[in-house]
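Below, each chain spelled out in residue letters.
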Amino acid sequence: MDVVRVSALRERLAGTGWLEAVGGFAGSLRRSVERRGAGELLLVGTEAYEPWHLAAHLEDEAAWSAVPRLAPTLLRHRPPPAAPAHLAHGLRRLTEARRGATVLVVAPAAVGAPLLERVRDARRHGATVLALDGAAPGAPGDLGGIAHERLAVGTAAEEPFDLAQHLVTAAAGQPAGRRSALDRLAELAGRLTSAPSLSRW
């Protein structure tokens, strides 16, 4: 995405409430990982969609913003036996999530029943659950009844799912009240023209 497209995007989103919704969700994410007694950030997708790119950008943002707990632990449905340590975490970690942990579910479509049940258990044990998803409210696999806060991309705005992830990441790295969402989007233009700086993902 180049600067011209980002500029056009700014104009299209201005006044829609979408950037404010993204900012609110990102603020909840940042507050959750910064609060007293906060534990790790667990990032999980679906069997068909692993949010590698978001994991890399969150890790970058954690370094840029000096909020180390924004760096996530990526949970995978079937990590291969030979996976590097940081890519070998399975869904069992959701079962172990307790108060202080933050679970961020990223799913462009409905979440399957097994993952839904594990996320429900994590919430039951005290974890904060946030969801960035594209499922229609009330549909099977809808996270709305489980997540403490949800950004429903498919219904809140007609924007690509990957763009929503970029915006959430950039906004989560900014302290509340510092700059407007539009200012953050302008800064994001430069970041979107290059890949995440960390190569381990």
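Since we're looking at a predicted model, the values are computed, not measured. (Residues numbered from 1 in each chain as written. Predicted model: local features only at pLDDT ≥ 70, side-chain atom pairs only at ≥ 80, totals over all residues. Heavy atoms only, no water.)

Here is a general trend for soluble globular proteins: nonpolar side chains tend to be buried in one another's company. Core analysis: the largest hydrophobic core is formed by 32 residues, its most contacted members being W18, L29, L43, L58, L70, L104 and L132. Listing elements by their share of this core, those giving two or more residues are α2 (18-34), β1 (41-44), α3 (52-65), β3 (102-107), β4 (128-133) and α7 (161-172). Residues A97, V105, V111 and V119 belong to the second largest nonpolar core, which totals 21 residues. (Core = buried A, V, L, I, M, F, W, Y, C linked by side-chain atoms within 4.5 Å. Buried < 20%, exposed > 50% of the residue type's maximum accessible area, 1.4 Å probe, protein only. Helix = DSSP H or I, 4+ residues; strand = E, 2+ residues; numbered from the N terminus.)

This next bit is on α7. Here α7 is 12 residues long and its end C-alpha atoms lie 17 Å apart, about the 16 Å a rise of 1.5 Å per residue gives. Residues of α7 that are buried include every one of F161, L163, A164, Q165, H166, L167, V168, T169, A170, A171 and A172, and no others. (Expected span 1.5 Å × (residues − 1).)

Turning our attention to the side chain of Q165. Structurally, the position occupied by Q165 is in helix α7. For Q165, a relative accessible area of 5% corresponds to the buried category. Beyond its immediate chain neighbours, meaning those up to four positions away, Q165 contacts Y49, P51, L54, V106 and L132. (Contact = heavy atoms within 4.5 Å.)

Per the counting criterion, the structure on display carries eight salt bridges. Of the charged contacts in the structure, one is a salt bridge between D133 and R150, with a shortest N-O distance of 2.6 Å. Remark: R150 occurs in strand β5 (residues 149-152) and D133 occurs in strand β4; sequence separation between them is 17 residues. Assessed through its relative accessible area of 0%, D133 is described here as buried. Among the residues examined, R150 registers a relative accessible area of 22% and is labelled partly exposed. (Salt bridge = Lys/Arg side-chain N within 4 Å of Asp/Glu carboxyl O.)

Attention shifts here to the sheet that holds β4. Reading across from one edge, β2-β1-β3-β4-β5 is the order of the five strands in this open sheet, with parallel pairing throughout. Of all strands in the sheet, those bounded by a partner on one side alone are β2 (72-75) and β5. The average undirected angle you get between the axes of adjacent strands in this sheet is 20°. Taken strand by strand, α2 contacts β1, β3, β4 and β5, and its axis lies near 145° from that of β5. (Pairing = 2+ DSSP bridges. Axes fitted to C-alpha atoms, helices over the stretch in contact; angles between N-to-C directions.)

With that settled, consider the environment of L130. Mapped onto the fold, L130 is located in strand β4. By relative accessible area, L130 is classed as buried at 3%. In sequence terms L130 and S32 are 98 residues apart; their C-alpha atoms lie 9.5 Å from each other. In contact with L130, other than residues within four places in its own chain, are F25, S28, L29, T102, V103, L104, V105, A147 and E149.

With that settled, the discussion passes to the environment of G39. Note on placement: G39 falls in the loop between α2 and β1. Among the residues examined, G39 registers a relative accessible area of 26% and is labelled partly exposed. Each C-alpha atom of the pair G39 and A101 lies 4.5 Å from the other, and the pair is 62 residues apart in sequence. Residues contacting G39, with those up to four places away along its chain left out, are R69, G100 and A101.

Time to look at the packing of aromatic side chains. Summed over all chains, the structure comprises one aromatic pair. Arranged with centres 6.1 Å apart and planes meeting at 80°, the rings of Y49 and F161 form a pair that is edge-to-face. Of the two residues, Y49 is situated in the loop between β1 and α3 and F161 in helix α7; the sequence distance between them amounts to 112 residues. Among the residues examined, Y49 registers a relative accessible area of 26% and is labelled partly exposed. (Phe/Tyr/Trp six-rings, centres within 6.5 Å; stacked < 30°, edge-to-face > 60°.)

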